[in-house]
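Observations on the three-dimensional arrangement
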Amino acid sequence: MRGHLERLARHGTASVAGAACSAVFGVLLVVVVTNGFPASTAGTLFAATSVFLVLESVALLGTDTGLVKQLPAQLASGRGHEVPRTLAVAAAPVAATSIAAAVVLHASAEQLSPYLVGSASATAMTGMLHALAPLLPVAALHDLVVAATRGTGSMRPTVVVENIGRLGLQAVAVLGVLLAGGGPSALALAWALPYLLGLVAAAAWLRSLVGPRSAADPPAGGDDGGWRPVAVEFWSFTAPRAIARITQTALKRSDIVLVAALSSPAQAALYTAATRLIVVGQLFVQSVQQALSPHVSALLARGDRDAAGSVFRAATTWSVVAAWPFYLVLAGFSPVLMRVFGEGYDVASDVVVVLSLTMLLATACGPVDSVLLMAGRSWLSLRNSVVALAVNIGLNLVLIPSHGIRGAAVAWSVAIVVRNLLPLLQVRRDLGLWPVTGPTTRVMLLALACYGAADVVVLATGAGTLVGLALLGVAVPVHAFGTWRLRRVLGLEVFTSVLRRRAAVAAPRTAAAA
């Protein structure tokens with residue numbers, strides 16, 4: 001069992017490093033846009049990129065999850081020769097669908113823009129959508145290829161190409177447009193062009209990963225079964241994900257578009273800045289899910305449900321250890337943190353508080369949807385996504401006109417709760433798995449005692465920044481000491497083993513180089 005946890009820790013460490021880079025570059029991009037451009041331009045960009053990402057999720061057809069589910073199962077069962085065909089049957093429909101979506105977006109941009117951001121910002125929106133449309137197929141294939149590299153068991157391409165390469169280039173490119181005095185279309189193009197470089201790099205990396213693995217598992221007796229069984233197996237699982245992927249992306253992005261349409265692009269800029277801080281915490285949890293998914297898929301393919309449950313519980317515990325302090329600090333210190341986005345952005349601090357507290361529950365549920373998917377319950381995941389999206393859009397339509405961005409925050413908060421509790425109950429019912437253990441509960445209480453107490457003092461008394469920092473100066477070492485004392489029951493010692501092993505491997509290389 002320890003071997004499975006060490007493998008998760010090894011992949012998770014790389015994934016978390018990538019998530020840290022994503023967080024830095026993601027926040028930097030928003031800081032550059034909100035500080036360097038008018039709020040109306042910033043909000044228009046965020047609305048345009050949200051439309052782009054929703055359409056990209058449509059074109060991706062759920063193949064990213066399908067590949068992460070299918071490739072590990074094929075490699076674990078000695079069917080590596082099927083991997084190239086699986087990649088082909090996944091990529092061809094994505095290429096065709098994304099090209100069609102790009103044509104429709106470009107052709108309808110002028111008519112669509114006034115409905116998205118109002119007549120005052122319609123011209124800028126049209127220019128942005130025209131700039132983004134040709135890169136839609138590139139973005140869809142980029143995400144497919146990067147997901148395929150994770151399906152082969154390697155997290156490095158995701159970290160290097162996606163988390164560092166694409167997101168880093170986006171921030172740099174947007175900064176370049178600001179310094180050069182570029183307009184809205186140049187701003188959108190700078191945001192999208194890094195997908196092209198990422199696709200080239202990821203495709204080359206995938207080829208180096210797939211070639212040796214597929215050659216090592218030739219078909220038994222020389223009979224590979226043809227293309228049809230591969231396509232049927234892949235799309236029978238992935239077809240529901242085509243819709244679920246759309247609903248999940250819409251759940252994350254539709255509120256930005258609705259705020260821009262029902263309120264204003266300036267309000268959309270405020271809301272995006274606030275939710276960007278929440279996304280920083282989500283990146284860590286998502287990085288654990290990325291490391292967890294192919295591992296759980298392989299374990300369940302071998303019928304080892306006990307090991308899969310242990311990995312699931314460990315991933316939940318580690319997510320809580322890292323994410324709960326972060327969200328609690330966000331909730332208590334949101335007005336100060338929001339000032340990094342520019343003057344006047346601190347008015348959206350209530351959004352940060354609502355969503356931060358909601359994310360405590362979401363993190364405690366663990367990567368339940370990933371486990372549900374890796375167990376082959378893609379239809380259940382689809383149903384959950386549709387219900388959560390319906391809740392989100394319905395509440396947004398009711399609450400945004402009367403309560404603005406705070407209404408959008410409440411709508412997303414309720415949808416997050418629904419999106420996590422439904423698969424939690426289903427994983428418990430169908431697989432007999434539960435994410436929270438006694439040690440997990442203890443580390444939750446420890447975080448509440450340290451950071452929650454600081455939040456109560458700051459929010460209830462209106463204490464200044466210096467008092468808040470002093471409280472954090474006490475909370476951080478106390479929490480760190482308590483977590484260290486619990487390291488064995490939390491399974492954190494496997495990270496020490498992984499780091500020691502990497503140091504032992506690196507030492508001979510360093511000596512040889514010297």
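How each quantity is defined
Residues numbered from 1 in each chain as written. Predicted model: local features only at pLDDT ≥ 70, side-chain atom pairs only at ≥ 80, totals over all residues. Heavy atoms only, no water. Helix = DSSP H or I, 4+ residues; strand = E, 2+ residues; numbered from the N terminus. Buried < 20%, exposed > 50% of the residue type's maximum accessible area, 1.4 Å probe, protein only. Contact = heavy atoms within 4.5 Å. Areas by Shrake-Rupley, 256 points an atom, 1.4 Å probe, with all protein chains shown as cover. Patch = residues over 30% accessible without salt bridge, like charges linked within 9 Å, V, L, I, M, F, W, Y side chains within 5 Å. Salt bridge = Lys/Arg side-chain N within 4 Å of Asp/Glu carboxyl O. Axes fitted to C-alpha atoms, helices over the stretch in contact; angles between N-to-C directions. Parallel < 35°, antiparallel > 145°, perpendicular 65-115°, else oblique. Left-handed = near helix turned anticlockwise from the far one by under 90°. Nonpolar A, V, L, I, M, F, W, Y, C, P; charged D, E, K, R; others polar. pLDDT = per-residue confidence, 0-100. Phe/Tyr/Trp six-rings, centres within 6.5 Å; stacked < 30°, edge-to-face > 60°. Polar contact = N/O pair within 3.5 Å; in protein donor to acceptor, adjacent residues only side chain to side chain. Core = buried A, V, L, I, M, F, W, Y, C linked by side-chain atoms within 4.5 Å.

Observations concerning the overall build of the chain
- Secondary structure summary: the chain contains 18 helices and zero strands in total.
- For the chain, buried positions account for 55% of its 514 residues.
- Summarising the internal contacts of the chain: among those between residues at least 6 apart in sequence, 84% fall at separations of at least 24.
- When the accessible area of the chain is evaluated, it comes to approximately 20300 Å², of which 68% is carbon and sulfur surface.

A word on a nonpolar patch on the surface
- A cluster of nonpolar side chains, namely Leu189, Leu193, Leu196 and Val200, defines an oily patch on the protein surface of about 320 Å² accessible area.
- Mapped onto the fold, Leu189 is located in helix α8 (residues 184-192).
- Since its relative accessible area comes to 35%, Leu189 is described here as partly exposed.

Digging into the environment of Ala388
- With respect to the helices, strands and loops of the structure, Ala388 is situated in helix α15 (residues 378-431).
- Separated by 23 residues in the primary sequence, Ala388 and Ala411 place their C-alpha atoms 10.0 Å from one another.
- When sequence neighbours within four positions are dropped, the list of residues in contact with Ala388 reads Leu251, Ala415, Val418 and Arg419.

Here we look at the packing of helix α4 (residues 83-117) against helix α6 (residues 136-151)
- Where α4 contacts α6, the two axes come as close as 8 Å, and the packing angle between them is 160 degrees. By the angle between their directions, the pair α4 and α6 is classed as roughly antiparallel. Relative to α6, the crossing made by α4 is right-handed. Where α4 abuts α6, its residues Leu87, Ala90, Ala91, Val94, Ala95, Ser98, Ile99, Ala101 and Ala102 lie against Leu136, Pro137, Ala140, Leu141, Leu144 and Ala148.
- Here the residues of the contact of α4 with α6 sort into 14 nonpolar, one polar and no charged.

A few points about the environment of Leu206
- With respect to the element layout, Leu206 can be found in helix α9 (residues 194-216).
- Separated by 55 residues in sequence, Leu206 and Gly151 have C-alpha atoms that sit 10.0 Å apart.
- Setting aside residues up to four positions removed in sequence, Leu206 forms contacts with Leu87, Val145, Ala148, Thr149 and Thr152.

Digging into the confidence of the model for the chain
- Of the residues in the chain, 89% reach a pLDDT of 70 or more, and the chain-wide mean stands at 86.
- Long-range and interchain partners of residues 502-514, a stretch whose pLDDT sits below 50, account for two contacts in this model, where long-range means more than four residues apart.

Notes on unusual backbone geometry
- One non-glycine residue, Leu61, lies in the positive phi region at around 60 degrees.
- Of note, Leu61 is situated in the loop between α2 (39-60) and α3 (63-76).

So, the packing of aromatic side chains
- Tallied over the entire structure, the rule returns five aromatic pairs.
- Between Phe52 and Trp191, the ring centres sit 5.4 Å apart and the planes meet at 90 degrees, which makes this aromatic pair edge-to-face. On the criterion of sequence distance, the pair formed by Phe52 in helix α2 and Trp191 in helix α8 is long-range, its members being 139 residues apart. Per residue, the accessibility class of Phe52 equals that of Trp191, and both read buried.

Overview of the pattern of salt bridges
- Taken as a whole and assessed by the stated rule, the structure comprises four salt bridges.
- Ionic pairing is found between Arg166 and Glu162, a salt bridge with its closest N-O pair at 2.6 Å. In this pair, Arg166 and Glu162 both sit in helix α7 (residues 156-180), four residues apart, roughly one turn of the helix. Here the two residues Arg166 and Glu162 agree in accessibility, since each one is buried.
- The closest approach of N and O atoms between Arg406 and Asp350, which form a salt bridge, is 3.0 Å. With a gap of 56 residues between them, Arg406 in helix α15 and Asp350 in helix α13 (residues 349-364) connect regions that are remote in the sequence.
- Judged by its relative accessible area of 42%, Arg406 falls in the partly exposed class.

As for the environment of Leu382
- Along the chain, the position of Leu382 falls in helix α15.
- The buried category is assigned to Leu382, whose relative accessible area is 8%.
- The spatial distance from the C-alpha of Leu382 to the C-alpha of Pro240 is 6.1 Å, given a sequence separation of 142 residues.
- With near-sequence residues (within four places) excluded, Leu382 lies in contact with Pro240, Ile243 and Ala244.

Here we look at the side chain of Thr126
- Structurally, the position occupied by Thr126 is in helix α5 (residues 122-132).
- Within polar-contact distance, the side chain of Thr126 engages the side chain of Ser113 at 3.0 Å.

A look at the packing of α7 against α8
- Following both chains from N to C, one finds α7 and α8 inclined at 160 degrees, their axes separated by 8 Å at the closest point. The orientation of α7 with respect to α8, classified from their angle, is roughly antiparallel. The element α7 and its partner α8 pack so that their crossing is right-handed. Touching Gln170, Ala173, Val174 and Val177 of α7 are Ala186, Leu187, Ala190 and Trp191, all from α8.
- Here the contact of α7 with α8 is built from residues that sort into seven nonpolar, one polar and no charged.

Re the nonpolar core
- Ranked by size, the top nonpolar core spans 123 residues in total, and within it Tyr271, Met338 and Phe341 carry the most contacts.
- Residue contributions to this core peak at twelve residues, all from helix α11 (residues 265-301).
- Counting residues in each nonpolar core, the second largest holds ten residues, with Phe312, Leu380, Leu431 and Leu433 among its members.

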